[in-house]
Amino acid sequence: MSTRAAAPTRREQILNEAARLFAERGFHGVGVDEIGAAVGISGPGLYRHFAGKEAMLAELLVGISERLLTGGRHRVAEAAGDPASVLASLIDGHIDFALDDRALITVHDRELDRLRDADRKLVRQLQRQYVELWVEVVRELHPLVPQAEARICVHAVFGLLNSTPHLGPLGREATESLLRRVAHGAFGALSP
């Protein structure tokens, strides 16, 4: 069995470049011709893959929200029963996201309001489910902590981890280690 990752599809290439360009110059600062040029096709050629820029933005933001939720559920199932292991796995998964998908974090922060109402509501719904997944695990680990306090802590940890687009060049391993310690420290602060 090969450990080599499959080459990204043309659609994935387009989304990756759209995310990068939207993060660099903003949604309105990028045209379909520029996105097409970044992947070696004409702007109009993009319409074979997407209805337009708005569809790309929706797929990026809905897609990452779905991916985080699905990944979180998978991690909970894999580490079933041990809340400390589940929380550690969730933290590791979110750190990977935060370090590997910095452009998507920036795009989400700046461009969420550009989505159609239905897509924005879907993103928010998926995000709420992801938060509640974490809250359940945190409450299993810290059963005396009120739900509202656990939820605030989860949001605070997300804020810490999602600040990665603003971090300096520390190197991946050092950044991972630091983020892991900070996240575990935040949750550890819930203990009396």
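Rules behind the numbers
- Residues numbered from 1 in each chain as written.
- Predicted model: local features only at pLDDT ≥ 70, side-chain atom pairs only at ≥ 80, totals over all residues.
- Heavy atoms only, no water.
- Helix = DSSP H or I, 4+ residues; strand = E, 2+ residues; numbered from the N terminus.
- Buried < 20%, exposed > 50% of the residue type's maximum accessible area, 1.4 Å probe, protein only.
- Contact = heavy atoms within 4.5 Å.
- Salt bridge = Lys/Arg side-chain N within 4 Å of Asp/Glu carboxyl O.
- Axes fitted to C-alpha atoms, helices over the stretch in contact; angles between N-to-C directions.
- Parallel < 35°, antiparallel > 145°, perpendicular 65-115°, else oblique.
- Left-handed = near helix turned anticlockwise from the far one by under 90°.
- Nonpolar A, V, L, I, M, F, W, Y, C, P; charged D, E, K, R; others polar.
- Core = buried A, V, L, I, M, F, W, Y, C linked by side-chain atoms within 4.5 Å.
- Patch = residues over 30% accessible without salt bridge, like charges linked within 9 Å, V, L, I, M, F, W, Y side chains within 5 Å.
- Areas by Shrake-Rupley, 256 points an atom, 1.4 Å probe, with all protein chains shown as cover.
- Arc of directions from axis to C-beta.

A. Spotlight on the overall build of the chain. Across its full length, the chain carries eight helices and zero strands. Helices (α) and strands (β) of the chain occur, in sequence order from the N terminus, as α-α-α-α-α-α-α-α. Buried positions account for 41% of the 192 residues belonging to the chain. Partitioning the contacts of the chain with sequence separation of at least 6, the portion at a separation of at least 24 is 68%.

B. Spotlight on the environment of Tyr-47. Assignment of secondary structure puts Tyr-47 in the loop between helix H2 (32-39) and helix H3 (53-78). The sequence separation of Tyr-47 and Gly-171 amounts to 124 residues, and the corresponding C-alpha distance is 38 Å. With sequence-adjacent residues up to four places away left out, Tyr-47 is seen in contact with Val-32 and Gly-52.

C. Expanded view of the pattern of salt bridges. A complete count under the given rule lists 15 salt bridges for this structure. A salt bridge links Glu-59 to Arg-11; the nearest nitrogen and oxygen atoms lie 2.5 Å apart. With Glu-59 in helix H3 and Arg-11 in helix H1 (residues 10-25), this pair connects stretches of sequence that are 48 residues apart. Under the relative-accessibility criterion, Arg-11 is labelled partly exposed at 32%. Here Asp-100 makes a salt bridge to Arg-172, at a shortest N to O gap of 2.4 Å. Here Arg-172 lies in helix H8 (residues 172-188) and Asp-100 lies in helix H4 (residues 83-100), a separation of 72 residues in the sequence. For Arg-172, a relative accessible area of 35% corresponds to the partly exposed category.

D. Main features of the packing of H1 against helix H5 (residues 102-111). It is at 8 Å that the axes of H1 and H5 come closest, and there the two elements cross at 55°. Here H1 is positioned oblique relative to H5, judged by the angle of their axes. In this structure, H1 crosses over H5, and the sense of that crossing is left-handed. The residues of H5 that touch H1, namely those facing Ala-19, Arg-20, Phe-22, Ala-23 and Glu-24, are Ala-103, Leu-104, Thr-106, Val-107, Arg-110 and Glu-111. Looking at the contact of H1 with H5 residue by residue, the classes come out as six nonpolar, one polar and four charged.

E. Looking closely at the side chain of Asp-101. By secondary structure assignment, the location of Asp-101 is in the loop between H4 and H5. In contact with Asp-101, not counting residues within four places along its chain, are Ile-64, Arg-67 and Asp-96.

F. Spatial organisation of the nonpolar core. In terms of nonpolar packing, the biggest core is built from 58 residues, with Ile-14, Phe-22, Ile-35, Met-56, Trp-134, Val-154 and Phe-187 touching the most fellow members. Secondary-structure elements contributing two or more residues to this core are H1, H2, H3, H4, H5, helix H6 (117-141), helix H7 (147-161) and H8. Setting aside residues up to four positions removed in sequence, Phe-22 forms contacts with Phe-27, Val-30, Ile-35, Lys-53, Leu-57, Leu-60, Val-107, Arg-110 and Glu-111.

G. Representation of a nonpolar patch on the surface within the structure. Taken together, the side chains of Leu-160, Leu-170, Leu-178 and Val-182 define a hydrophobic patch exposed on the protein surface, amounting to about 300 Å² of accessible area. In this fold, Leu-178 is placed in helix H8. The class for Leu-178 is partly exposed, based on a relative accessible area of 36%.

H. Focus on H2. Taken residue by residue, H2 has Val-32, Ile-35, Gly-36 and Val-39 as its buried positions. The arc that holds every buried residue of H2, seen down its axis, measures 100°, which confines them to one face. Opposite the buried face of H2, at more than 90 degrees from it, the exposed residues are Asp-33 and Ala-37. In this structure, the buried side of H2 is in contact with H1 and H3. After H2 finishes, the residue Gly-40 shows a positive phi value of roughly 80°.

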